[in-house]
Structures are given as C-alpha cells and as structure tokens.
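Now for the letters of each chain:
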Amino acid sequence: MSNWPDWFQEALRQRFYQLELANEQQASCSTEDNNLFTQMDHFKMNQNEDIQHLLSEWEEAIGYQLSQHKQSIYMEGVKDGIRLILPVIQPTAIR
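Every chain is numbered independently, its residues counted from 1 as its sequence is written. Per-residue local features of the predicted model are confined to residues with pLDDT of at least 70, and side-chain atom pairs are confined, for both listing and counting, to 80 or more; whole-chain, interface and lining totals are unaffected and use all residues. Hydrogens and water molecules were not included; the side-chain quantities draw on all heavy atoms of the structure.

Novice: I keep staring at the environment of Leu 12 and nothing clicks. Help me out?
Specialist: Where helices and strands are cited, they refer to DSSP runs of H or I of at least four residues and of E of at least two residues respectively, numbered from the N terminus. Mapped onto the elements of the fold, Leu 12 is located in helix 1 (residues 6-45). Sequence spacing of Leu 12 and Leu 84 is 72 residues, and the spatial spacing of their C-alpha atoms is 8.9 Å.

Novice: Would you mind going over helix 2 (residues 49-89) with me for this structure?
Specialist: Structurally, the α-helix is built with 3.6 residues per turn, so residues lying three or four positions apart point the same way. For helix 2, built from 41 residues, the straight-helix expectation of 60 Å at 1.5 Å per residue is met to within 8% by its first-to-last C-alpha distance of 59 Å. A 3.5 Å cut-off defines polar contacts: any pair of N or O atoms within that distance qualifies, except that in protein one atom must be a possible hydrogen donor and the other a possible acceptor, and neighbouring residues in sequence count only when both atoms are side-chain atoms. The opening residue of helix 2 is Asn 48, an N-cap whose side-chain oxygen sits 3.0 Å from the backbone nitrogen of Asp 50. Helix span, as expected, comes to 1.5 Å for every residue beyond the first.

Novice: Please clarify how the layout of surface pockets should be interpreted in this entry.
Specialist: In this approach the atoms are scanned with a rolling probe the size of a water molecule, which exposes any empty space left behind. Buriedness for pockets is judged along seven lines, at least five of which must meet protein on both sides within 12 Å for an open set on the 1 Å grid over protein atoms alone, while cavities are sets there where a 1.4 Å probe fits but cannot get out, and lining residues have an atom within 4 Å of a point. Grid points are joined across faces, edges and corners, and a volume is the space filled by probe spheres set on the points. Of the pockets and cavities examined, the largest pocket occupies roughly 820 Å³. For the lining of the largest pocket, the elements supplying multiple residues, two or more each, are helix 1 and helix 2. Ten residues, namely Ala, Val, Leu, Ile, Met, Phe, Trp, Tyr, Cys and Pro, are considered nonpolar, four, namely Asp, Glu, Lys and Arg, are considered charged, and the remaining ones, Gly among them, are considered polar. Of the residues contributing to the lining of the largest pocket, the split by class is 11 nonpolar, 6 polar and 6 charged.

Printed below as a string of structure tokens:
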C-alpha cells in the first residue's frame, strides 16, 4: 500500500478500527442474545398454542428487522468502498 497517499492509508485504518469496534460490541451482545433466545424458548414452551403462535410471529418480525438493519450496514460498506475507489479509478470524475 506504499503507493497510496498517507491520508488514504489513515482513512482506511480509521474505518477498519471503527468496524472492528462495532464488531467487538456486537460479539459481546451475541452471548446475551443467545441467553435471551434460550429463555424465550423456555417461556414459549410453557404457553398455550395461541400464545406460542403469537410469539413465533413476533420473533419472525424481529428477525426481519435485524436482517434489514444488517443489510443497511452492508450497503453502507459498499458505499464506503465506492467512495474510496471511484476517485482512484476516475481521478477526473466530479465529486
């Protein structure tokens, strides 16, 4: 990467650190999430069929929201990549 300007290398480092921190924070939540899902499963098993169905629908809705959130994070990464590489590919492009 020695051919890249210092500011570009620093921008990449900072973005990497941001993503690494977000990943660490998410990983620490995953243990808590697993415990919560286990408790929810135990709770659901002790309910009647109608409530089990409602809880399953609720879980599905939450799962959908989480997937939408993860998709938006992914798309922000794609946009970051495009913003970084486009000026290199087309240095005369209007920004």
